Amino acid sequence: MTPLSAMEDLWPALLALPLGAAYLAYLIPSWAKRIGLLSCVLNAVVTLSLASTIHTDGVQLHAVGGWAAPLGIMLRVDGLAAVMLLTTALVTLAAGVYAGSYFSLGGNQNQERGFWPLWLFLLAALNLLFVAADLFNLYVTLELMGIAAVALVAMGGGRTALTAALRYLLVGLIGSLCYLLGVGLIYAMSGSVDLLQPTDALLPGPAFGMALALMSAGLLFKAGLFPFHFWLPPAHANAPAPVSAMLSALVVEAAFYILLRLWFELAPAGTLYTAQYLPGVLGAVAVFWGGWNALRATRLKMMIAYSTVSQLGYLFLAIPLMVKVGLAAWGGAVLLVLAHALAKGAMFLVAGTVLLVAGHDRIADLAGTAKRLPLTMLSFALAGVSLIGLPPSGGFLAKWLLFNAAIYTEQWWAVLVLLLGSLLAAAYIFKVIACAFVQHDSTKRIGADAAAGLEWPAFALALLAILLGFFASAFSELLTIGSPVVGPLLNERSP
Amino acid sequence: MSLSNSLPALILFSSLLPGLLIFLLGERNHRLRTLINLTGATVKLLLVVIMITGVAGGQHYETRLTLLPGMDLVLNADALSVLFVTLSSALWFVTTIYAVGYLEGSPHRSRFFGFFSLCVSATMGIAMAGNMLTFLIFYELLTLVTYPLVVHRGTAESLKAGRTYLTYTMAGGGLLLLGVAWLRAVAGPLDFTETGVLSSRGDLDPAVLSMIFALLIAGLGVKAALVPFHGWLPKAMVAPAPVSALLHAVAVVKAGAFGIVRVVYDVYGIEFTAQLGLLTPLAVVAAFTIIYGSIKALYQDELKKRLAYSTVSQVSYIALGTALFGPTASVGGIVHLVHQGVMKITLFFCAGNLAEAQGIHHIHQMNGIGRRMPLTMTTFTIASLGMIGVPPLAGFFSKWYLGSGGLEAGQDWVIAVLIVSSLLNAGYFLPVLYRVWFLPSDGSWSKRQSGSGCLEIHWTLLLPPVITASLVVGVGLLANAPFSPLEWTRLIVSREYDQ
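Calculation criteria
- All residue numbers refer to positions counted from 1 along the written sequence of the respective chain.
- Both sets of labels track the order of writing: A upward for chains, 1 upward for ligands.
- Reporting of local features is limited, given that this is a predicted model, to residues whose pLDDT is at least 70; pairs of side-chain atoms are given and counted only at 80 or more, and all residues count toward the totals for whole chains, interfaces and linings.
- Helix and strand definitions here come from DSSP, where helices need a minimum of 4 consecutive H or I residues and strands a minimum of 2 consecutive E residues; each element is numbered from the N-terminal end.
- Values of the radius of gyration come from C-alpha atoms, whereas the globule rule sets the reference at 2.2 Å times the count of residues to the power 0.38.
- Partly exposed residues are those falling between the two cut-offs: more than 12 but fewer than 20 other C-beta atoms within 10 Å of their own, whereas 20 or more means buried and 12 or fewer means exposed, with C-beta atoms placed from the backbone.
- Contact between two residues is assigned whenever their backbone-derived C-beta positions fall within 7 Å.
- The residue classification treats Ala, Val, Leu, Ile, Met, Phe, Trp, Tyr, Cys and Pro as nonpolar and Asp, Glu, Lys and Arg as charged. All others, Gly included, are polar.
- At least two DSSP bridges between two strands are needed for those strands to be called paired.
- Definition of nonpolar core: a set of buried Ala, Val, Leu, Ile, Met, Phe, Trp, Tyr and Cys residues joined via C-beta atoms within 7 Å.
- Lines fitted to C-alpha atoms define the axes, with helix axes restricted to the stretch in contact, and inter-axis angles between N-to-C directions lie between 0 and 180 degrees.
- Should an angle fall under 35 degrees it is called roughly parallel, over 145 degrees roughly antiparallel, and 65 to 115 degrees roughly perpendicular, with every other angle called oblique.

Chemist: Explain the overall build of chain B to me, please; I cannot follow it from the model alone.
Modeler: The helix and strand inventory of chain B stands at 20 helices and 2 strands. Its C-alpha atoms give chain B a radius of gyration of 21 Å, within 12% of the compact-globule value 23 Å for 499 residues. Principal-axis analysis of the C-alpha atoms places the extent of chain B at approximately 70 × 55 × 45 Å. Every one of the 499 residues in chain B was classed for burial, and the buried ones make up 61%. Contacts in chain B between residues far apart in sequence, at least 24 positions, make up 81% of those at least 6 positions apart.

Chemist: What's the story with the overall build of chain A in this structure? I'm lost.
Modeler: Of regular secondary structure, chain A possesses 18 helices and 2 strands. Relative to its length of 495 residues, chain A is compact, with a C-alpha radius of gyration of 21 Å against a globular reference of 23 Å. The C-alpha extent of chain A, read off along each of the three principal axes, is 70 × 60 × 40 Å. Considering chain A as a whole, with its 495 residues, one finds that 61% of them fall into the buried category. Here the contacts in chain A between residues at least 6 apart in sequence split such that 81% fall between residues at least 24 apart.

Chemist: Is there a simple way to explain the interface of chain B and chain A in this structure?
Modeler: How large an interface is tends to be reported as the accessible area lost when its parts come together. Each partner contributes residues to the interface: chain B has 31 residues there, and chain A has 31 residues. Those elements giving two or more residues to the side of chain B that touches chain A turn out to be β1 (61-68), α5 (132-150) and α6 (156-187) of chain B. The element that contributes the greatest number of residues to the side of chain B that touches chain A is α6 of chain B, accounting for 13 residues. Here the side of chain B that touches chain A is built from residues that sort into 20 nonpolar, 7 polar and 4 charged.

Chemist: Honestly, the pairing of strand β2 (residues 71-77) of chain B in this entry has me stumped. Any pointers?
Modeler: Within a regular strand, side chains alternate between the sheet's two faces. Residue and element names in this part refer to chain B. Counting buried residues in β2 gives 6 out of 7 residues, a clear majority hidden from the surface. For β1 and β2, the ladder comprises 7 bridges, and the chain directions are antiparallel. Its bridge partner being in β2, Thr 66 is matched across the sheet by Asp 72. The hairpin formed by β1 and β2 contains 2 residues between the paired strands, and Gly 70 there has a positive phi angle of roughly 85 degrees.

Chemist: Looking at this structure, I do not really get the nonpolar core. What am I missing?
Modeler: In summary, soluble globular proteins display a tendency toward joint burial of nonpolar side chains. Residues and elements named next belong to chain A. By size, the foremost hydrophobic cluster in this structure holds 405 residues, and its most contacted members are Leu 122 and Ala 465. For this core, the element with the highest residue contribution is helix α12 (residues 327-358), accounting for 22 residues. Leu 122 has contacts with Met 145, Ala 148, Ala 149, Leu 152 and Met 246, leaving out every residue within four places of it along the chain.

Chemist: Whenever I open this one, the packing of helix α1 (residues 3-24) of chain B against helix α2 (residues 30-56) of chain B confuses me. Can you help?
Modeler: Packed helix pairs are specified by the crossing angle of their axes together with the interaxial distance, meaning the distance between the axes. Residues and elements named next belong to chain B. With their axes 9 Å apart at the nearest point, α1 and α2 run at an angle of 175 degrees to one another. The angle between α1 and α2 falls in the class roughly antiparallel. Each of Leu 7, Leu 10, Ile 11, Ser 14, Ser 15, Pro 18, Leu 21 and Ile 22 in α1 lies in contact with α2, whose residues at this interface are Arg 33, Ile 36, Asn 37, Gly 40, Val 43, Lys 44, Leu 47, Val 48, Ile 50 and Met 51. Taken together, the residues of the contact of α1 with α2 sort by class into 12 nonpolar, 4 polar and 2 charged.

Any link to function would need more than the numbers given here.
Here you go:
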């Protein structure tokens, strides 16, 4: 497997670009915003060309410094990684543009000074996480990501944000520790932490089971799957809006991404069999628990954060389906990650705008604000459509694939969860949308130019979530490249 | 791109683009807005004429877009979709004129007309959907874009009605989604085919197919207001008159009824549905809804509510005609899509005029109004008589074909249902007509002259009901002329039963 030249040129940029920019932004605070925005744009360009390389040439591997595993560090970009990198690039770009206006309007220059280096650092960690091809590197990136995320949450300021950040830190540490223990066990057993050729020494047995369980438990904490979700709503709801968008759209999904790698690449086929229903059942409970709490939430940001708990449930619900049908459920889950990232990113940005304009985000008192911000409300509605899973949207296609997988394998409980979960989502989304139609007026104005910087990035993300419903074919092609599961995307009984 | 693969998309975009443009226009730009709206409506009508002539000549139109491998968005034009497309675009045109007049000077018109156009686009998508997936997509889209119209006034009452509307339609959408997804998982991507596609699939379990059928009909039944899924319809009457008019005559209830027709004829196939024994239960539900809706209508004093229950009842004629095996009943059911549409939209235009000109919302206030608003009430009278089934108006032909179709299918009880229903129709329309024309007015009518010169109301509010009432007479008198709805329906049915 000789690495192709395109990869040689591109992969350092994924890491070096945001990392270098983070240092520069730290050293020259007055240029931080410009540096940050520029590197978000460049990162998107790099990611796009990398994805198109994958699309034409297949899976790309790279040994850092020319040292191959087991000595050196291997990097790998397959279809799944490419989709995750693209998602990261898109959300970071939109949220970055948003942040540019958010902090200057919020009037807190100190916050902004701290924000950009951490933000770029988080981007670097995410990029590296998605291309890491061994368990230990995944651990390192997981820690980097966690530290950056905690610091960004703490920037929210105030007692609640600090408490949330501290809790987030502790949970993150417990999660990482569990994960690291598991990695240690694997290394002791096989002398390798490579994800690419893992199966030789890893025979299914109690030790391997123990290692996998430890790693999975750690990651479930970080992914915020019910009942390990308790830290998530306060952390996501109290961070500054662009940070919330990034956390909900990418950071928890990154843990899910590693779980996919563990369960379908590291674990020899069949090992998961006995335990496959556990994430599925927890996912089902999460869908309802998150949805129910979102419905009861009185603050917009809290509602959106609980909605994340609920939507993460679908991803884990798909695990037993993936074991049974392969690509149909796999494609559905990854498409859902993408659609959710776009929609949820948009939604948190909307919530931030509302918070800035109205000075509060109490759902019951939103009526007047909604009138002042038609574009923002439209973004909320479009993102909501995708989140509920209504057509035409990326969320709809994702849920359609999951429906197909669940019905084809006759997992009726999953069908029921998908259906009722969507109705629950409709209930809490429309509760907010209805505000836009209430007869009401009176709210303070903010400058039109500044508002554009807040409103358009959210709208762009929301629109992408809808358009994904029409252009998902390209992603579905990308997904199959190097995927560990096989099968058709949609199943039917042949006549 | 030739016309044969772009025409369905063009018809869709002729209302979609104006809708999106209108959102971008400011609230004050009302002249430009009206221009865009009417241009879109006119272009659509012209495109539809091209489509009618093409389809009559056997031309095939299809636009296909692959969403995911094995998952196509298909818009095509067969005889049945042309019927619904024509109805929607014609009535959209008149309703646009009506709405421009009706909403003059009220707030949020840009939002209203934007969603109004999107609503028609969704209906077009439903009409031209070439498979169940496409149908589902536009069916759900219709729910989304009609919600802002239902809650348009923004009062507590209309928001509550909006919640009820969403609860019903979302739940219905869920059932439909489940049915369509299940069908997809057992039978693959099924493009609609005249005479049905499932009949040739001997490998499928009839019990599963029956269950899927029940889910599909229940999901569609919510919008078609089949009892017990009809509760949203009378509540949604808080919407402005043009919305009620279009909702009842074309968009929402017809989407459900049209879906039932599609499922029975073009997915299962009428012969196969009969073999599975699914037609009789559907006929019974439809018959029950017909009687129930009429009885409820008798007790309503609010005019729009009475009309709403009348819709509940009348739309089920379509389901009934579909559920009776035999070409004659099919003609009766399908042609009622059009006939009920033109009649009911006339009635709602009139109800809107009464409310707008005189502030009349209740039937007990209508004494002697015929002398104050003679033209409006003449159109009201024509449409009500049509609903009752007086020959030679539109409703008579639907009932005639349904009745003979019932006899042909050996279901003689249908005649009884039709007679009882017609009596009830007479029971809730004739007293209104009596009040309007023969009772002396008990109050002084508003002196407000909203019309110019001698007209009882502004011409934009008067012309639409006059046009649609002429259609009620026209489609009846010219029932045997080529391209009349009845003749076209015969063409549809001859293709559906063609072995």
